[in-house]
Amino acid sequence: MKIFGAKEYGVKLKASVHKTGRLGFDAATAQWLAITKDTNFKFGEEEDGSRYLIITKEDDGDTFKPMLAAGYYSLDVKTIMNVWQVPYAQETIIFDLVDVTNRYAELGKTVLQMKMRAVTKRTKGE
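Residues numbered from 1 in each chain as written. Predicted model: local features only at pLDDT ≥ 70, side-chain atom pairs only at ≥ 80, totals over all residues. Heavy atoms only, no water.

## A look at the nonpolar core
At step 1: In terms of nonpolar packing, the biggest core is built from 25 residues, with Leu 23, Phe 25, Phe 43, Leu 53, Met 81, Phe 95 and Leu 97 touching the most fellow members.
At step 2: The element contributing the most residues to this core is strand S7 (residues 91-99), with 3 residues.
At step 3: In contact with Phe 25, other than residues within four places in its own chain, are Lys 14, Ala 15, Ala 30, Leu 33, Ile 35, Phe 41, Leu 53, Tyr 72, Tyr 73, Leu 75 and Leu 97.
At step 4: In this structure, Tyr 52, Ile 54, Val 100 and Val 111 belong to the second largest nonpolar core, which totals 5 residues. (Core = buried A, V, L, I, M, F, W, Y, C linked by side-chain atoms within 4.5 Å. Buried < 20%, exposed > 50% of the residue type's maximum accessible area, 1.4 Å probe, protein only. Helix = DSSP H or I, 4+ residues; strand = E, 2+ residues; numbered from the N terminus. Contact = heavy atoms within 4.5 Å.)

## A short note on the packing of aromatic side chains
At step 1: Under the defined criterion, the tally for this structure stands at 4 aromatic pairs.
At step 2: Ring geometry for Phe 43 versus Trp 84: centroids 6.0 Å apart, planes at 80°, classification edge-to-face. Here Trp 84 lies in the loop between helix H3 (78-83) and S7 and Phe 43 lies in strand S3 (residues 40-45), a separation of 41 residues in the sequence.
At step 3: Its relative accessible area of 9% is what places Trp 84 among the buried residues.
At step 4: Geometrically, the ring pair formed by Tyr 52 and Tyr 104 is tilted, given 5.1 Å between the ring centres and 55° between the ring planes. Here Tyr 104 lies in the loop between S7 and strand S8 (110-121) and Tyr 52 lies in strand S4 (residues 51-56), a separation of 52 residues in the sequence. Exposure class is identical for Tyr 52 and Tyr 104. Each is buried.
At step 5: Through a chain of ring-to-ring contacts, three or more aromatic side chains come together here, namely Phe 43, Phe 64 and Trp 84. (Phe/Tyr/Trp six-rings, centres within 6.5 Å; stacked < 30°, edge-to-face > 60°.)

What follows is the structure, encoded as structure tokens:
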């Protein structure tokens, strides 16, 4: 019997796009993903528009590295958000992250499908 506990399965994984185009991880997601300053990230997109965040096993010289500020990890991915036409400057954007590593294990040690949702329109002072 496989037991499903709250520590592993009770975390809702998500990342938010700051109005600067940085992709930030909340504390629960960062902990679940075991993010450190040495974690290597890449992004992928399929022809159907499905988008993926990939944590690679090693740095091949073409990976994104997280920055840590005030205990909060983020990635400078403004260019990718622009290519994907994510309206981060106009709306509060959150990506729900779904672990699909079993389907795409050859891509990295952890593969997460990124499902975008807009939460609210940004106001002028935000």
